[in-house]
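Structure assessment
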Amino acid sequence: MHSPEVLLDDNDAVYDYYLRHQQNRWKALASYAVLARRFRPRVMFAEGAKQQLKALIRSGRPVIYAINHLSTSDPYTVAATAWRSPLRSKIGRVRVLAKDELFLDPEQRRKVDMMGGIPVFRGKDHGIRAVNAAGQRMMDVCAQRLAAGDHLAIFPEGTCNEVDHTKVQAVGSGIGHIAFRAAKLDAAPALVAMGMNYGSYAAGVEPTAAEVVSGSAYFRAPILELPQRPADIARLVKDELQLAVDGAVARY
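Parameters and conventions
Each chain carries its own residue numbering, running from 1 in the written order of its sequence. At least 70 in pLDDT is required for a residue's local features to be given in this predicted model, at least 80 for side-chain atom pairs to be given and counted, and no such filter applies to totals for whole chains, interfaces and linings, which use all residues. Hydrogens are left out, water is left out, and the side-chain values use all remaining heavy atoms of the structure. Here, a strand pair is defined by DSSP locating no fewer than two bridges between the strands. We count a stretch as a helix when DSSP gives it H or I for four or more residues in a row; a strand needs E for two or more, and each element gets its number in order from the N terminus. Axes here mean lines fitted to C-alpha atoms, for a helix over just the part in contact, with angles spanning 0 to 180 degrees between N-to-C directions. Both site types are read off a 1 Å grid over the protein atoms alone. A 1.4 Å probe that fits but cannot get out defines a cavity, while an open set with protein on both sides within 12 Å along at least five of seven lines defines a pocket; lining residues have an atom within 4 Å of a point. Grid points are joined across faces, edges and corners, and a volume is the space filled by probe spheres set on the points. All amino acids are sorted into three groups, where Ala, Val, Leu, Ile, Met, Phe, Trp, Tyr, Cys and Pro are nonpolar, Asp, Glu, Lys and Arg are charged, and the leftover types, Gly among them, are polar. The nonpolar core is taken to be a set of buried Ala, Val, Leu, Ile, Met, Phe, Trp, Tyr and Cys residues, with the residues joined through side-chain atoms within 4.5 Å. For the exposure calls, accessible area comes from a 1.4 Å probe over protein chains only, and a residue counts as buried if that area is under 20% of its type's maximum, exposed if over 50%, partly exposed in between. Throughout, a residue-residue contact means that at least one pair of heavy atoms, one from each residue, lies within 4.5 Å. Here the aromatic set is Phe, Tyr and Trp, taking the six-membered ring for Trp, and pairing holds for ring centres within 6.5 Å; pairs whose planes are under 30 degrees apart are stacked, those over 60 apart are edge-to-face, and all others are tilted. Whenever two N or O atoms come within 3.5 Å, that pair is a polar contact, provided that in protein one can donate a hydrogen and the other can accept it, and provided that, for residues adjacent in sequence, both atoms are side-chain atoms.

1. Some points on the sheet that holds strand 2 (residues 63-67)
The strand order across the open sheet built from seven strands is 1-7-6-2-5-3-4, with neighbouring strands paired in mixed fashion. Each edge of the open sheet is held by one strand with a lone partner, namely strand 1 (42-45) and strand 4 (117-120). Strand after strand, the sheet turns through a mean of 25° between neighbouring axes, direction not considered. Pairing of strand 1 with strand 7 (residues 216-219), which is carried by four bridges, proceeds in the parallel orientation. The partner of Arg-42 across the bridge, within strand 7, is Ser-216.

2. Structural notes on empty space enclosed by the protein
Tallied over the entire structure, the rule returns two cavities of 30 Å³ or more. Each pocket or cavity is described by its volume, and for the largest cavity that value is around 40 Å³. Along the walls of the largest cavity sit Ile-64, Ile-175, Ala-179, Ala-190, Leu-191, Leu-226, Ile-233 and Val-237, which together make up its complete lining. Secondary structure elements with two or more residues in the lining of the largest cavity: helix 8 (174-184), strand 6 (190-197) and helix 10 (230-250). A breakdown of the residues in the lining of the largest cavity according to their chemical character gives eight nonpolar, no polar and no charged. Each pocket or cavity is described by its volume, and for the second largest cavity that value is around 30 Å³. Along the walls of the second largest cavity sit Asn-68, His-69, Leu-70, Glu-157, Asn-161, His-165, Lys-167, Val-168 and Val-245, which together make up its complete lining. By residue class, the composition of the lining of the second largest cavity is three nonpolar, four polar and two charged.

3. Section: the nonpolar core
Core analysis: the biggest nonpolar cluster contains 40 residues, and Ile-64, Leu-97, Met-138, Leu-152 and Ile-178 have the highest contact counts within it. Among the elements that take part in this core, helix 7 (residues 128-147) stands out by supplying eight residues, more than any other. Discounting chain neighbours no more than four positions away, the residues touching Met-138 are Tyr-15, Leu-97, Ile-118, Pro-119, Val-120 and Ile-178. Listed in part, the 35 residues of the second largest apolar core include Leu-29, Val-63, Leu-70 and Ala-217.

4. Digging into the pairing of strand 2
In terms of burial, strand 2 is largely enclosed, as five of its five residues are buried. In the sheet, strand 2 pairs with strand 5 (residues 151-154) via three bridges, with the strands oriented parallel. Residue pairing across strands places Ile-64 opposite Leu-152, the latter belonging to strand 5.

5. Overview of the packing of aromatic side chains
Summed over all chains, the structure comprises five aromatic pairs. Between Tyr-18 and Phe-103 the ring centres are 5.7 Å apart and the planes differ by 75°, which places this aromatic pair in the edge-to-face class. Separated by 85 residues along the polypeptide, Tyr-18 in helix 1 (residues 11-20) and Phe-103 in the loop between strand 3 (94-99) and helix 5 (106-114) bring together distant segments of the chain. For Tyr-18, a relative accessible area of 1% puts it in the buried group. Of the residues examined, Phe-103 reaches a relative accessible area of 2% and is grouped as buried. Ring geometry for Phe-39 and Tyr-76: centres 5.6 Å apart, planes at 15°, overall stacked.

6. As for the side chain of Asn-161
Note that Asn-161 resides in the loop between strand 5 and helix 8. For Asn-161, a relative accessible area of 6% translates into the label buried. Of note is the side chain of Asn-161, whose polar atom sits 2.8 Å from the backbone oxygen of Asp-164. Polar side-chain contacts of Asn-161 include one of 2.8 Å to the backbone oxygen of Lys-167. The residues touching Asn-161, leaving out its near neighbours within four places in the chain, are His-69, Leu-70, Lys-167 and Gln-169.

7. Observations regarding the layout of surface pockets
Empty space among the atoms becomes apparent when a probe as large as a water molecule is rolled across them. Approximately 190 Å³ is the volume found for the second largest pocket. In terms of lining residues, the second largest pocket is bounded by 13 residues, among which Ala-183, Ala-188, Leu-226, Pro-227 and Gln-228 are the most central. Among the elements that make up the lining of the second largest pocket, the one with the highest residue count is helix 8 (four residues). The residue makeup of the lining of the second largest pocket, split by class, is nine nonpolar, one polar and three charged.

Any link to function would need more than the numbers given here.
Right under this line is the structure:
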């Protein structure tokens, strides 16, 4: 299938493509392994969470991973964490929401596509009214990918935290709508919150390369039953993500 340019004006074709796009799993595994050697996060779990996550992945149930957003390097840390955790078995079947500008440069797009990227046209970049229809389609595509057996990784804060990296920013209802729509497709997802930390650094400043390389990732135990309303799901996500961030900060 032809790969269209990732443009808001052509979002129907874009999401038709990413509804079906599948990266080469062996190339993805090799790339994640390389990233795991370069970025070496300490991967930690709440009590019992590692075994629960293993069991959840073996069950075949779709999972949404909610991750805090600290740096432009976060996708690499997440990839390295996936390789060093029970998520390794799902590499090649995890979709990752990524802002549309990351798909503009062909070489950058190749990397994002390899990681299972699905583009997001953000209101802060294009205007809320302009992205409404594209946002609805994006959530439908995510729900359909979950129903097809994929997992989904989301930075639900929507942008890098430039205020206080120990406190989760506001979480929009988008993640709730995705989970709600997946449930309507008889694919009710579980939720796993993963908190990241790169140590202490000033607000509004990117963590250094050394801090990113030696970051930490902390998994909360899976939540198997989600609320029925999207707004309630979003509130649960924020609470769970804050607990995951607290765990990552405390154990850094």
